[in-house]
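These are the residues of each chain, in order.
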Amino acid sequence: MEKKVAVITGAAGEIPRAISKIMADAGARLVLTDINEASLNHVYNSFGDNDEVSVLCHNVADQEDAKAVAKFCREKYGRVDIVVTGAGLYEHTPLDKLDSSLWRNSLSINLDGVFYTIQALRPLLTMDSAIVNIASIAGHRGSLGHTSYATAKGGVLALSRSLAAELGPRTRVNAVSPGLIDTRMVQALDAQRREAMVDAMPLQRMGSAREVAQVVAFLCSPLASYITGETIHVNGGLHIAS
């Protein structure tokens, strides 16, 4: 990934942050975005004195913010080689509490934000560029108490396949569906439910953010040059668990 320009949204989150580290180690130039400016600056500082890392405050649900990210990339680099849409919102909301504003907010961040980001960056994508969208096992199986999140992630899966058809052959588009990854988001789940899910999966443990990041990096690299329109499950076999 030497000198490749990679835009990663939600970069203050644990999985996108791990992706950023792997890509930086591989020589990529990073444009990291997040709505949480303080956390984003903390991520920036973790790279030390690195001129190849830039950070931008970015609300993915705001189409104008996406255009501002594209403007920055155009002026600084003139191109984009890699896009990873890692920004997301995961909230436990039972169906009887899920009003229209909560529903709309979840879809705006988890689905609209993916589209806005890619649509804004699309004119800058180079030949042999790659997009990886972070989906979720919830988008395949549904999720009790997370109806809007699961619905949005299901949309991300369909969007990824459609984009692969529309943007090829210039750009490959794939998705990654994490399962129980040892992050703050998963730790917030009911402990009994979390343990039951771990017991049911073949690998009998939660995954790490780095394990997801390694798959994303693979999909963005020349090693995955003939893969597009696919979703890779990174969930220790939870997807096949009964």
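Reading guide: rules and limits
Residues numbered from 1 in each chain as written. Predicted model: local features only at pLDDT ≥ 70, side-chain atom pairs only at ≥ 80, totals over all residues. Heavy atoms only, no water. Helix = DSSP H or I, 4+ residues; strand = E, 2+ residues; numbered from the N terminus. Rg over C-alpha atoms; globule rule 2.2 N^0.38 Å. Buried < 20%, exposed > 50% of the residue type's maximum accessible area, 1.4 Å probe, protein only. Areas by Shrake-Rupley, 256 points an atom, 1.4 Å probe, with all protein chains shown as cover. Lys, Arg positive; Asp, Glu negative; His and termini not counted. Charge placed at Lys NZ, Arg CZ, Asp CG, Glu CD. Pairing = 2+ DSSP bridges. Axes fitted to C-alpha atoms, helices over the stretch in contact; angles between N-to-C directions. Core = buried A, V, L, I, M, F, W, Y, C linked by side-chain atoms within 4.5 Å. Disulfide = S-S within 2.5 Å. Polar contact = N/O pair within 3.5 Å; in protein donor to acceptor, adjacent residues only side chain to side chain. Contact = heavy atoms within 4.5 Å. Parallel < 35°, antiparallel > 145°, perpendicular 65-115°, else oblique. Left-handed = near helix turned anticlockwise from the far one by under 90°.

## Some words on the overall build of the chain
Right, on to step 1. A tally of helices and strands in the chain yields nine helices and seven strands.
Right, on to step 2. For 242 residues, the compact-globule estimate of 2.2 N^0.38 gives 18 Å, and the C-alpha radius of gyration of the chain, at 17 Å, lies within 12% of that figure.
Right, on to step 3. Taking the principal axes of the C-alpha coordinates as reference, the chain spans close to 50 × 40 × 40 Å.
Right, on to step 4. Burial status across the chain gives 49% buried among its 242 residues.
Right, on to step 5. For the chain, the computed accessible surface area is about 11400 Å², with 51% contributed by carbon and sulfur atoms.
Right, on to step 6. If you average the places of the 23 positive and of the 25 negative side-chain charges in the chain, the two averages end up 4 Å apart.

## Concerning the sheet that holds strand E2 (residues 29-34)
Right, on to step 1. Strand order in the open sheet formed by seven strands is E3-E2-E1-E4-E5-E6-E7, and the pairing between neighbours is parallel. Both outer strands of the open sheet, strand E3 (53-57) and strand E7 (231-234), are each paired with one neighbouring strand and no more. Averaged over all neighbouring strand pairs, the angle between strand axes comes to 15 degrees, with direction disregarded.
Right, on to step 2. Alignment of strand E1 (residues 5-9) against E2, held across four bridges, turns out to be parallel. Residue pairing for E2: Ala-6 is matched across the bridge by Leu-30.

## Quick look at the nonpolar core
Right, on to step 1. If you look at the biggest cluster of nonpolar residues, it comprises 33 residues, and the most contacted ones within it are Ile-19, Met-23, Leu-30, Leu-32, Val-84 and Val-216.
Right, on to step 2. Within the residue set of this core, elements represented by two or more residues are E1, helix H1 (14-25), E2, helix H2 (37-46), strand E4 (80-85), strand E5 (125-134) and helix H9 (209-220).
Right, on to step 3. Of all the elements, H9 adds the most residues to this core, at eight residues.
Right, on to step 4. Within the second largest apolar cluster, 28 residues are counted, among which are Val-80, Leu-125, Ala-135 and Leu-157.

## Details of the state of the cysteines
Right, on to step 1. One pass over the full model with this rule turns up zero disulfides.
Right, on to step 2. Take Cys-57: it sits in no disulfide, and the sulfur closest to it among the cysteines is that of Cys-73, at 15 Å.
Right, on to step 3. Cys-73 supplies the cysteine sulfur nearest to Cys-220, a cysteine that is in no disulfide, at a spacing of 14 Å.
Right, on to step 4. In this structure Cys-220 comes out as buried when scored by relative accessible area, which is 8%.

## Concerning the side chain of Ser-108
Right, on to step 1. You can see Ser-108 is positioned in helix H4 (residues 100-121).
Right, on to step 2. Since its relative accessible area comes to 13%, Ser-108 is described here as buried.
Right, on to step 3. Polar contacts involving the side chain of Ser-108 include one to the main-chain carbonyl oxygen of Arg-104, which spans 2.7 Å.
Right, on to step 4. Once residues within four sequence positions are removed from consideration, Ser-108 is found in contact with Ala-61 and Gly-113.

## Here's the deal with the packing of H4 against helix H6 (residues 147-167)
Right, on to step 1. Between H4 and H6, the shortest axis-to-axis distance is 9 Å and the interhelical angle comes to 15 degrees. The pairing of H4 with H6 is recorded here as roughly parallel in orientation. Between H4 and H6 lies a crossing whose hand is right-handed. Where H4 approaches H6, its residues Trp-103, Ser-106, Leu-107, Asn-110, Leu-111, Val-114, Phe-115 and Ile-118 are matched on the opposing element by Thr-147, Ser-148, Tyr-149, Thr-151, Ala-152, Lys-153, Gly-155, Val-156, Leu-159, Leu-163 and Leu-167.

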